[in-house]
Amino acid sequence: MRRGGYLHPPRPRVPAATRQAPPFLPSEGQHWEVFQKVTEVFILVPALLGLKGNLEMTLASRLSTAANIGHMDTPKELWRMIAGNMALIQVQATVVGFLASIAAVVFGWIPDGHFSIPHAFLLCASSVATAFIASLVLGMIMIGVIIGSRKIGINPDNVATPIAASLGDLITLALLSGISWGLYLEQDVWQYIYPLVCAFFMALLPVWVVLARRSPATREVLYSGWEPVIIAMAISSVGGLILDKTVSDPNFAGMAVFTPVINGVGGNLVAVQASRISTFLHMNGMPGENSGQAPRRCPSPCTTFFSPDVNSRSARVLFLLVVPGHLVFLYTISCMQGGHTTLTLIFIIFYMTAALLQVLILLYIADWMVHWMWGRGLDPDNFSIPYLTALGDLLGTGLLALSFHVLWLIGDRDTDVGD
């Protein structure tokens, strides 16, 4: 059946005991029926994984800054911040999940010219449900981590954003695989199930809006914080289109398992750096103040990576974490036979080059963007991280796809591992 075409005619109901379990790893999921018949799900992957940057990591950065400057010291302030921020990310998750499904439908329809209503409703239901549940679970985890970090004297900036990035990838991939698989099994009654799932989560929006408006800390973000979230989602969707087109080619099937790794590590590191710079600036005033610390022109790479200030030192440390971190992930993938590409020396060299270049560019952009936003009176906690993690998704997916194409051209074409 052609990609983007209509679903198969209704199949006989499969007994629950004999149904295949949903795939929770990209290498397994990419061969499962829902990913093969509704390949637009691949376009959703970077956009929904980007939610950790658009929402959870922004939440972690915002709450970390509030904790560091003393805005969560009393129980009343603490619960007001928690309630407002949890309601806010549910509003943003529902809207972004819906928009991501529309982008996936459009990007999947344009190349082939085929539009499937069942596919569109399946993508919408899967995206909205995944975004909502993932944000709810991760939001509660982030709040617990930040409160615990403050009680034991650890800087939440160093703990919360890495955990948000790591758990965000795992939980979002698991939910997207499981929810899309479960909905696909109900394709014979899709006209009832899929719209009902979408309507249920949309009906909760007014409740979350009312709760978010009650908190002064989130009221402003509720009205002004949509631009970075939506633009970041669009950027991540372009990365999803690259992923969809690449893994659809059997010669590059192995890319699916490495994409969340390279994007997750890059987004994790740049979010830590952005959060640290933002906290440093908040300790010296409010956005728009101390303009001498927030130059509007682009800094030189030497200033970003080799100056003696604390943010430059943290950039060097984060950059040096790229190689050992990725070697651990590559070893884990190899041991689990989770990929479809033999980890040859030349592959590791190309992969590490792509990862190092991605993080190098992201750390440089973060240094400029956070200071530039601060100088314009914008809070970097709310505006910078969505852009940076979305750029990380786009850069990581694009550089990884380029590496796979170059490896194919020079003759490194072993894609049999795991088959």
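Residues numbered from 1 in each chain as written. Predicted model: local features only at pLDDT ≥ 70, side-chain atom pairs only at ≥ 80, totals over all residues. Heavy atoms only, no water.

Where an unreviewed UniProt entry is consulted, the chain appears under the name Solute carrier family 41 member, with the organism given as Balaenoptera acutorostrata. Database annotation for the chain, UniProt heading Function (unreviewed entry): "Acts as a magnesium transporter." We quote the UniProt Sequence similarities (unreviewed entry) comment for the chain here in full: "Belongs to the SLC41A transporter family." (UniProt positions renumbered as here; feature names shortened; annotations may be inferred.)

**Overview of the overall build of the chain**
In terms of regular secondary structure, the chain is built from 17 helices and zero strands. Residue burial in the chain is summarised as follows: out of 419 residues, 54% are buried. The long-range share in the chain, meaning contacts at least 24 apart out of those at least 6 apart in sequence, stands at 84%. Total accessible area on the chain stands at roughly 17,400 Å², and carbon and sulfur atoms take up 69% of it. (Helix = DSSP H or I, 4+ residues; strand = E, 2+ residues; numbered from the N terminus. Buried < 20%, exposed > 50% of the residue type's maximum accessible area, 1.4 Å probe, protein only. Contact = heavy atoms within 4.5 Å. Areas by Shrake-Rupley, 256 points an atom, 1.4 Å probe, with all protein chains shown as cover.)

**Side note on the confidence of the model for the chain**
Looking at the chain, the pLDDT average stands at 78 and 82% of residues meet or exceed 70. The low-confidence segment residues 1-30 (pLDDT under 50) makes 76 contacts with residues lying over four places distant or belonging to another chain. (pLDDT = per-residue confidence, 0-100.)

**Some details on the nonpolar core**
Buried together is how nonpolar side chains tend to be arranged in soluble globular proteins. Grouped together as the largest cluster of nonpolar side chains are 75 residues, with contacts concentrated most on L44, L123, M255, F258, Y351, L400 and F404. Setting aside residues up to four positions removed in sequence, L400 forms contacts with M255, F258, T259, I262 and Y351. Among the nonpolar cores identified, the runner-up in size contains 17 residues, and M57, V270, M373 and I385 belong to it. (Core = buried A, V, L, I, M, F, W, Y, C linked by side-chain atoms within 4.5 Å.)

**Looking at helix α12 (residues 255-282)**
Helix length check: α12 (28 residues) gives 40 Å between terminal C-alpha atoms against 40 Å at 1.5 Å per residue, within 8%. Of all the 28 residues making up α12, 26 are buried; the element is thus mostly covered by neighbouring parts of the structure. (Expected span 1.5 Å × (residues − 1).)

**Notes on the UniProt feature "transmembrane region" (unreviewed entry) in the chain**
Mapped onto this structure's residue numbering, the UniProt feature "transmembrane region" (unreviewed entry) falls at residues 86-110, 116-147, 159-183, 189-211, 223-243, 315-333, 345-365 and 385-410. The span residues 385-410 shows a helical share of 96% and a strand share of 0%, and its end C-alpha atoms are spaced 37 Å apart.

**Considerations on a nonpolar patch on the surface**
Judged by side-chain polarity, F98, I102, V106, W109, F115, I117 and F121 come together as a nonpolar surface patch covering roughly 570 Å² of accessible area. Broken down by secondary-structure element, the contributors of at least two residues to the nonpolar patch are α5 (75-112) and α6 (117-151). In terms of residues, the nonpolar patch owes the most to one element, α5, which gives four residues. For V106, the location among the structural elements is in helix α5. (Patch = residues over 30% accessible without salt bridge, like charges linked within 9 Å, V, L, I, M, F, W, Y side chains within 5 Å. Salt bridge = Lys/Arg side-chain N within 4 Å of Asp/Glu carboxyl O.)

**Some remarks on the packing of helix α3 (residues 41-49) against helix α11 (residues 226-247)**
Running from N to C, α3 and α11 cross one another at 140°; their axes reach a closest spacing of 7 Å. In this view, α3 runs oblique relative to α11, as classed from their interaxial angle. For the pair α3 and α11, the sense of crossing is right-handed. Along the contact surface, α3 presents F42, I43, V45, P46 and A47, while α11 presents M233, S236, S237, G239, G240, L241, L243, D244 and V247. Looking at the contact of α3 with α11 residue by residue, the classes come out as nine nonpolar, four polar and one charged. (Axes fitted to C-alpha atoms, helices over the stretch in contact; angles between N-to-C directions. Parallel < 35°, antiparallel > 145°, perpendicular 65-115°, else oblique. Left-handed = near helix turned anticlockwise from the far one by under 90°. Nonpolar A, V, L, I, M, F, W, Y, C, P; charged D, E, K, R; others polar.)

**A closer look at the packing of aromatic side chains**
Tallied over the full model, the rule gives nine aromatic pairs. For the ring pair F200 and F201, a centre distance of 5.1 Å and an interplane angle of 75° mean the geometry is edge-to-face. Residue F200 is classed as partly exposed on the basis of its relative accessible area of 48%. On the numbers, 5.2 Å between centres and 55° between planes, the contact of F258 with F347 is tilted. Of this pair, F258 sits in helix α12 while F347 is found in helix α16 (residues 345-375), placing the two residues 89 residues apart along the sequence. Each member of the pair, F258 together with F347, is buried. Each residue in the set F132, F200, F201 and W208 is aromatic and connected to the rest through ring pairs, giving one cluster. (Phe/Tyr/Trp six-rings, centres within 6.5 Å; stacked < 30°, edge-to-face > 60°.)

**Let's talk about the environment of Y331**
In this fold, Y331 is placed in helix α15 (residues 322-335). Taking the C-alpha atoms as reference, Y331 lies 8.9 Å from L343; in sequence the two are 12 residues apart.

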